[in-house]
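The primary structure of each chain is shown beneath.
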Amino acid sequence: MVLPLDFRKKLLSETLVWDILESVTDAVITIDEDHKVLLCNKAAEKMFGYKCSEIVGQDVSPLIPNPHQAIHREYVERYIETGTPRVIGKFRECFGLHKEGRSFPVEISYSVSRTEGRLYFTAVIRDISRRKEMERELRFMEKLAAIGKTVAQVVHEIRKPLMLMGGFARQVQNCEGLREDEKNKQKLGIVIEEVRRLEALLNGVRLLTRPPAASQKHSLSVNQVLKETFELLEPMLQDRQVELNTELSPYPLMIQGDADQLKQVILNILQNAVDAMQGVGTISVSTRMAFTMVQIIIKDNGPGIREELQEKIFDPFFTTKTDGTGLGLAISRNIIQDHGGTITLVSAPSKGATFIIELPLDIAP
């Protein structure tokens, strides 16, 4: 039997449209006047964590976090009643809700169609989490650039008198007349310690605002840099019950980098892990190749970092330590970004913290 030409054209058209929907990277979801999902594509499944069979025929609200659920329903009802669009035909930013319960930023464009007297609303949804992250990083870098010159001048003006104060205080502390005066010796000791702390803070600020051109990059073996860093860590572990486990890749894992700066990053993360575990626990360090990147994975079995603190952990001057400057991880992130890489944190309370450093593999031409 030969199918009618019009039917064959319609069937081909519907198949083509569906193939296109399944191939696009943006999520596509269509709902009816009753706020129920009629169709969704594979990108929507991946973005929201639901199978289409789980949401087709159901209310679309579980994909929308509060308080946007009620607002979205109001938009639909208002359009049905008035025919006046407010968001249809426009791009807007809001949030989606994953099946696991986490919300994420999205950009949505809406369209509406009428078929056989009923309205159907289609949303094309793009996950903009990475864009938002890049915007935050850009704002951070712009802020640093804006204050960089001023900070450098302030650091220069403060360091010289601070060094003089510390030097004079140490000289006075060693005077014979103070040997019997324990109270004043203790006060001078406090002055000297505070000068040392302020000098460390100024050095941290200088490193934080230092331009990328200050680094000297050469061909390096990541594994060798790690081994040299472990040697620097050994004195700290002597009086602590911390086990350091390593699983370094058998491959060379060559990168272009500044060895001293990378040691500073790794040592800072390792020191933070030791402090977080209060000197008792296990730290695991491994390396591996991931496509064109080298990964350094540093994991501890400490208390972990609460979710509400994880976004702030790389911010300058943010610290959970009573005696910390809050500059270590901010400087570390700047160094890794200057090397063309990324540093990310994966953590949960009572499950430890894992820092993943990714650096571009040095591929010989």
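Rules and cut-offs
Residues numbered from 1 in each chain as written. Predicted model: local features only at pLDDT ≥ 70, side-chain atom pairs only at ≥ 80, totals over all residues. Heavy atoms only, no water. UniProt positions renumbered as here; feature names shortened; annotations may be inferred. Salt bridge = Lys/Arg side-chain N within 4 Å of Asp/Glu carboxyl O. Helix = DSSP H or I, 4+ residues; strand = E, 2+ residues; numbered from the N terminus. Buried < 20%, exposed > 50% of the residue type's maximum accessible area, 1.4 Å probe, protein only. Phe/Tyr/Trp six-rings, centres within 6.5 Å; stacked < 30°, edge-to-face > 60°. Expected span 1.5 Å × (residues − 1). Arc of directions from axis to C-beta. Contact = heavy atoms within 4.5 Å.

- Labelled according to an unreviewed UniProt entry, the chain appears under the name histidine kinase, originating from Desulforhabdus amnigena.
- Per UniProt, the chain carries the Catalytic activity (unreviewed entry) text "ATP + protein L-histidine = ADP + protein N-phospho-L-histidine."

### Structural notes on the pattern of salt bridges
Stage number 1. Applying the stated rule across the entire model yields 12 salt bridges.
Stage number 2. The shortest N-O distance in the salt bridge between R118 and E33 comes to 3.8 Å. Here R118, found in strand β5 (residues 118–127), pairs with E33, found in the loop between β1 (27–32) and β2 (37–40); they are 85 residues apart in sequence, far enough to count as distant.
Stage number 3. The class of R118 is partly exposed, set by a relative accessible area of 30%.
Stage number 4. Its relative accessible area of 22% is what places E33 among the partly exposed residues.
Stage number 5. A salt bridge links K263 to E228, with the shortest nitrogen-to-oxygen separation between them at 2.6 Å. Placement of K263 in helix α8 (residues 259–276) and of E228 in helix α7 (residues 222–237) is noted, with a sequence separation of 35 residues between them.
Stage number 6. The exposure class of K263 is buried, given its relative accessible area of 16%.

### Some thoughts on the packing of aromatic side chains
Stage number 1. Scanning all chains against the criterion turns up 2 aromatic pairs.
Stage number 2. Ring geometry for F48 and F104: centres 5.6 Å apart, planes at 55°, overall tilted. You can see F48 sitting in helix α2 (residues 42–48) and its partner F104 sitting in strand β4 (residues 103–115), a full 56 residues away along the chain. Assigned by exposure class, F48 and F104 land together as buried.

### Let's talk about helix α4 (residues 68–82)
Stage number 1. Helix length check: α4 (15 residues) gives 21 Å between terminal C-alpha atoms against 21 Å at 1.5 Å per residue, within 8%.
Stage number 2. All of the buried residues along α4 are H72, V76 and Y79. Along the long axis of α4, the arc covered by the buried residues comes to 65°, so they all point the same way.
Stage number 3. Those residues of α4 that are buried lie in contact with β1, β4 and β5.
Stage number 4. Within two residues after α4, G83 carries a phi angle of roughly 75°, on the positive side.

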